[in-house]
Amino acid sequence: MLMAQTELPVYLDDSKPVEERIEDALSRMTLEEKVKMVHAQSQFSSAGVPRLGIPENWMTDGPHGIRAEVQWDDWGQAGWTNDSCLAFPALTCLAATWNPQLAALYGKSIGEEARYRNKNVLLGPGVNIYRTPLNGRNFEYMGEDPFLASRMVVPYVQGVQQNGVAACVKHFALNNQEVDRHTVNVNVSDRALYEIYLPPFKAAVTEGKAWAIMGAYNRYKGQWCCQNEYLLNNILRGEWHFDGVVVSDWGGVNNTEQSIYQGVDMEFGTWTDGMTEGRGNVFDQYYLATPFLELLRAQKVKEEEVDKKVRNILRLTFRTTMDRNRPFGSFVTPEHSLAAQQIAEEGIVLLQNKNNLLPVDLNTAKKIAVIGENAVKMMTIGGGSSSLKAQYEISPLDGIKNRIGTQAEVVYARGYVGEATAIQDGVKSRDIIDNRSPEELLAEAVEAAKSADYVVFIGGLNKHDGQDSEGNDRSGLGLPYEQDGLIRTLAKVNKNLVVVILSGNAVAMPWANEVPAIVESWYLGSEAGNALASVLLGDSNPSGKLPFTFPVQLTDVGAHAAGDYPGVNQEEYYNEGIFVGYRWNDKNKIKALFPFGHGLSYTQFTYGKASISNKTMQENETVTVTVPVKNTGKRAGKEIVQLYIGDEKCTVERPVKELKSFEKILLNPDEEKTVEFSLSVDDLKFYDEGKKDWVAEPGKFKVYIGASSADIRSTVDFELK
Ligand code: BGC
């Protein structure tokens, strides 16, 4: 018998253009179905259209691994046994690699994990600019420089999305602190907004083609960022032509009226304790749920307003869950472990290495003392929404022990007890409870240090409230738990002291001159211990550089010296304007403890003289700057060659110099490469507040080639005609 050929509805026919499919799907949906799509149905999901076979949307944190499942309607753990992920290094570490290829690998790998877990939106990456070292969430972001963050975010987004999973770039915008994050109103000049705070978001949207963006909690121009006419309608949709979906931060929508018209497409997390509020299905009470539906039914709001949002959500659906060519993903694979380790190794920053104390030489060392709580503390859990339930996490101590094996004796002493809580964010931590007195702990550490050939102190911050953690900022720049005193004592009893800091933020180091070697080791995820051991023992040559400035003291930071961080009566003024990070140091001639872009290697790189293809540049031309760089040491290594530009004379005040290009190169001993940078007029522009446009003024510019923002090796001048 012949069956009648049923014709595929347009929205299911992927040979048809997406916009046509969207309109077709929309035309089949009831008002109720549309409204259901624009707000959450559970903590992390929103409804599809079951009648039409349009799938639900499932979100996941983000940004360092795939978060464990929580309950349908509260934050409690769901208790699944198949949701332990691979933990990747924190985004500060990724930024410290200065390696866009690793950002692509990171995005691809985490995207595969998200896809395997059936998520179609990854809540990350975060690209809020590092404005103050006190911000509790800096570890989730990519540092202080808009150019570096932009170059790193684009491949991350592309890598995630090649899996048919949307990257949701967050938190748009000006969410530069945790204190008062739900209420603070940020007052910032248009110049600082456009030159410092927006560029990584813009790059993610216009170059990375991000399919989703998350509005921030805070306010700007008096409006919450999740319902913000200026940020969402004018800039994001208007100037950048964003066609993806705007997701609210969890609890970031604050009323119905503004959220209808001011840009947000999907409301999540309002009254985040879900049904425990005791008003039936609390998700129906969301601002964009029943209250919105009633306004639409009464025709007080045009149906077109919900259609606008649903179109964006359907576009997300067609790009992700309804893409028939979508790959299947993979979860906790050896490839992901390798990717995590590679990123971790390239992100670790060797800050100081007097007398070439590092790498640890196992030909001479018989005994190594590892001291400090962070050598054994789990760091994949804690920190707030980025907390993970990792399938495994190699601690620094285990990594070092595994690597050294029987080649030397490794002894461990705790030294101090900071936080030994057994459960964080619902996940059980390794048991590190220790009830000995501070005196006993110190005595044991000193004893271990005295007789060792090397002492490796592993301390820093952790992911508890008030440190590197969401919801709060740090109370100061100093290390907690009196680690400064312990470090000083150790430095006195053993001159071969290596201090390893685990943190996502700069910390004060009043002992820096008393200690030969200092390493910044971030939060490195599942492979933490292996990566750190590989660098300490010299299997891999460190090649990370700082993505933010380490100030000597807090008053050396613009947000604290000029700004009124954390604001007064919920109003905050970013008075330092564009002078964030090294731009502030340069302007005020303040020496950093460790400058932006700084990082050492176990080999040496010698820079030759930079030259420029043309001493003048016309509006539509490019000029090429070249510089020879040679490995003059004894090991192969990678160097990050940085190019900054300064505008010598301008009608507005400009930074002494700004990062405009960089290149990470691998050099064998004695090998020399000529690094080539191409510059165009766009690299010379500032944001003209009067013209509301980017402008380059003719005149002299200086190109600085450096190994860091404070270690300039060569300069060349040219003139824009
Ligand atoms: C955080 C977001 C996160 C969301 C969901 C919020 O509190 O600010 O970054 O994605 O929770 O967990």
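On a predicted model such as this, the values are computed, not experimentally measured, just so you know. (Residues numbered from 1 in each chain as written. Predicted model: local features only at pLDDT ≥ 70, side-chain atom pairs only at ≥ 80, totals over all residues. Heavy atoms only, no water.)

(A) The site of the ligand, seen in detail. Taken together, 15 residues sit near the ligand, with Asp61, Arg137, His171, Asp249 and Glu470 positioned nearest. One of the side-chain N or O atoms of Arg67 is found 3.2 Å from an oxygen atom in the ligand. Between the ligand and the protein, one listed contact pairs an oxygen atom with a side-chain N or O atom of Asp249 at 2.6 Å. If the ligand stood free it would expose 310 Å²; the protein chains cover 96% of that surface. Class assignment for the residues of the shell around the ligand results in 6 nonpolar, 2 polar and 7 charged. (Near = heavy atom within 4 Å. Polar contact = N/O pair within 3.5 Å; in protein donor to acceptor, adjacent residues only side chain to side chain. Areas by Shrake-Rupley, 256 points an atom, 1.4 Å probe, with all protein chains shown as cover. Nonpolar A, V, L, I, M, F, W, Y, C, P; charged D, E, K, R; others polar.)

(B) Structural context of the sheet that holds strand 2 (residues 57–61). One open sheet holds the 6 strands; their spatial order is 1-2-3-4-6-9, and the pairing between them is mixed. In this open sheet, the two edge strands, each paired with only one partner strand, are strand 1 (45–46) and strand 9 (245–247). Across 2 bridges, the pairing between strand 1 and strand 2 is antiparallel. Across the sheet, the residue bridging to Ser46 is Asn57, located in strand 2. Strands in contact with helix 8 (residues 229–239) are strand 4 (166–172), strand 6 (212–215) and strand 9; relative to strand 9, the strand with the most contacts, it is inclined by about 150 degrees. (Pairing = 2+ DSSP bridges. Helix = DSSP H or I, 4+ residues; strand = E, 2+ residues; numbered from the N terminus. Contact = heavy atoms within 4.5 Å. Axes fitted to C-alpha atoms, helices over the stretch in contact; angles between N-to-C directions.)

(C) Expanded view of the domain arrangement of the protein chain. Assigned domains within the protein chain: domain 1 (5–69 + 79–319), domain 2 (349–543) and domain 3 (603–720). For domain 1 versus domain 3, the separation of C-alpha centres amounts to 35 Å. Counting the surface lost from both domain 1 and domain 3, the interface buries some 1400 Å², and carbon and sulfur atoms represent 61% of this. Considering only the side of domain 1, the residues that lose the most area to domain 3 are Trp98, Phe147 and Arg191, jointly responsible for 50% of the buried surface there. Our count for the contact surface shared by domain 1 and domain 3 stands at 1 salt bridge. A salt bridge links Asp190 to Lys692; its shortest N-O distance comes to 3.8 Å. One can count 5 residue pairs in polar contact (both at pLDDT 80 or more) joining domain 1 with domain 3. Of all the secondary-structure elements, those providing two or more residues to the side of domain 1 that touches domain 3 are helix 5 (146–161) and helix 6 (190–197). (Domains from an automatic or database assignment. Buried area = accessible area lost by both parts, 1.4 Å probe. Salt bridge = Lys/Arg side-chain N within 4 Å of Asp/Glu carboxyl O.)

(D) Expanded view of helix 13 (residues 396–404). All of the buried residues along helix 13 are Pro396, Leu397, Gly399, Ile400 and Ile404. One side of helix 13 holds all its buried residues, which, seen down the axis, span an arc of 165 degrees. Where helix 13 is buried, its residues meet strand 11 (367–371), strand 12 (409–413), strand 15 (454–460), strand 16 (497–502) and helix 16 (528–536). Of the residues trailing helix 13, Gly405 is marked for its positive phi of about 55 degrees. (Buried < 20%, exposed > 50% of the residue type's maximum accessible area, 1.4 Å probe, protein only. Arc of directions from axis to C-beta.)

(E) Representation of the nonpolar core in the model. Counting 125 residues, the largest nonpolar core has Leu94, Phe172 and Leu314 as the members making the most contacts within it. Take this core: its biggest share by element is 9 residues, from helix 5. Of the residues that make up this core, three or more belong to each of domain 1 (5–69 + 79–319) and domain 3 (603–720). By size, the runner-up hydrophobic cluster in this structure holds 77 residues, among which are Val360, Ala420, Ala517 and Val519. (Core = buried A, V, L, I, M, F, W, Y, C linked by side-chain atoms within 4.5 Å.)

(F) Quick peek at the packing of helix 1 (residues 18–28) against helix 11 (residues 303–319). At their nearest, the axes of helix 1 and helix 11 sit 10 Å apart, and the two run at 125 degrees to each other. As the angle between them shows, helix 1 and helix 11 are arranged oblique. The handedness of the crossing between helix 1 and helix 11 comes out as right-handed. Taken together, the residues of helix 11 that come into contact with helix 1 (itself represented by Val18, Glu19, Arg21, Ile22, Glu23, Ala25 and Leu26) are Asp307, Val310, Arg311, Leu314, Arg315 and Phe318. For the contact of helix 1 with helix 11, a count of residues per class yields 7 nonpolar, no polar and 6 charged. (Parallel < 35°, antiparallel > 145°, perpendicular 65-115°, else oblique. Left-handed = near helix turned anticlockwise from the far one by under 90°.)

(G) A look at the pairing of strand 11. Among the 5 residues in strand 11, 5 count as buried, and that is most of the element. Neither face of strand 11 is exposed, since Lys367, Ala369 and Ile371 on one face and Ile368 and Val370 on the opposite face are all buried. The pairing of strand 11 with strand 12 spans 5 bridges and is classified as parallel. Among the inter-strand pairings, Ala369 is bridged to a residue of strand 12, identified as Val411. Running through helix 13, the crossover from strand 11 to the neighbouring parallel element strand 12 is right-handed. In the sheet, strand 11 pairs with strand 15 via 4 bridges, with the strands oriented parallel. Paired with Ile368 across the bridge in strand 15 is Tyr454. (Right-handed = clockwise from strand over helix to strand, strands pointing away.)

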